[in-house]
Amino acid sequence: MPPVCSPSSPRPSESLHDPSSDIGPEDVSLAEVYDLSFALELDWYEDIGLCKQGEAERLLRDGDTTLGGRVPVNPSGGLSCFGEAIPARAIAQVCEPVWQLRGQATGRQVEGARVGITANQGLIGHGSSVIVSS
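The paragraphs below set out a description of the structure included in this document. Quick caveat, the model's predicted, so the values are computed rather than measured.

**Some points on the pattern of salt bridges**
Following the criterion strictly, the structure yields four salt bridges and no others. Between Glu57 and Arg61 there is a salt bridge; the shortest N-O distance is 2.8 Å. In this pair, Glu57 and Arg61 are both assigned in helix α3 (residues 56-61), four residues apart and thus about one turn of the helix distant. One network of salt bridges, with partners in common, ties together Glu55, Arg58 and Asp62.

See below:
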């Protein structure tokens, strides 16, 4: 599978850090990522900086992406919980971190959530990402 980013473009994690906000990949409390394919989900872990390149499988196997783990991924249940309604999913991906940061994610709350990131992907490589912080 081709990489999400071309070799000449910066990886999202490299451009995540905004000097005016002091938010970097290490600050992320939770992520909502495109998970229609397991391989793409693992790519997103690396691309948004949840782990180093080549370490996504270990991050998953170690339980770091589960609720209660170091950085829960898709605490909402992910794309499969919404069917394949990608535009609606993109909106829901932004709502989930907002609810998490407000403490309104009953039954799936990420304790102490302060920064959430989303990564969505549509047809022919269209994508979007949002960072929400408290």
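**A word on the sheet that holds strand β1 (residues 30-33)**
Strand pairing in a sheet is mediated by backbone hydrogen bonds. Such pairs are either parallel or antiparallel. The strand order across the open sheet built from three strands is β1-β2-β3, with neighbouring strands paired in mixed fashion. Each edge of the open sheet is held by one strand with a lone partner, namely β1 and β3 (127-133). Direction aside, the axes of adjacent strands within the sheet are offset by 10 degrees on average. Relative to β3, strand β2 (residues 115-121) is paired through seven bridges, and the arrangement is antiparallel. By the bridge assignment, Gln121 is partnered in β3 with Gly127.

Rules behind the numbers
Residues numbered from 1 in each chain as written. Predicted model: local features only at pLDDT ≥ 70, side-chain atom pairs only at ≥ 80, totals over all residues. Heavy atoms only, no water. Salt bridge = Lys/Arg side-chain N within 4 Å of Asp/Glu carboxyl O. Helix = DSSP H or I, 4+ residues; strand = E, 2+ residues; numbered from the N terminus. Pairing = 2+ DSSP bridges. Axes fitted to C-alpha atoms, helices over the stretch in contact; angles between N-to-C directions.

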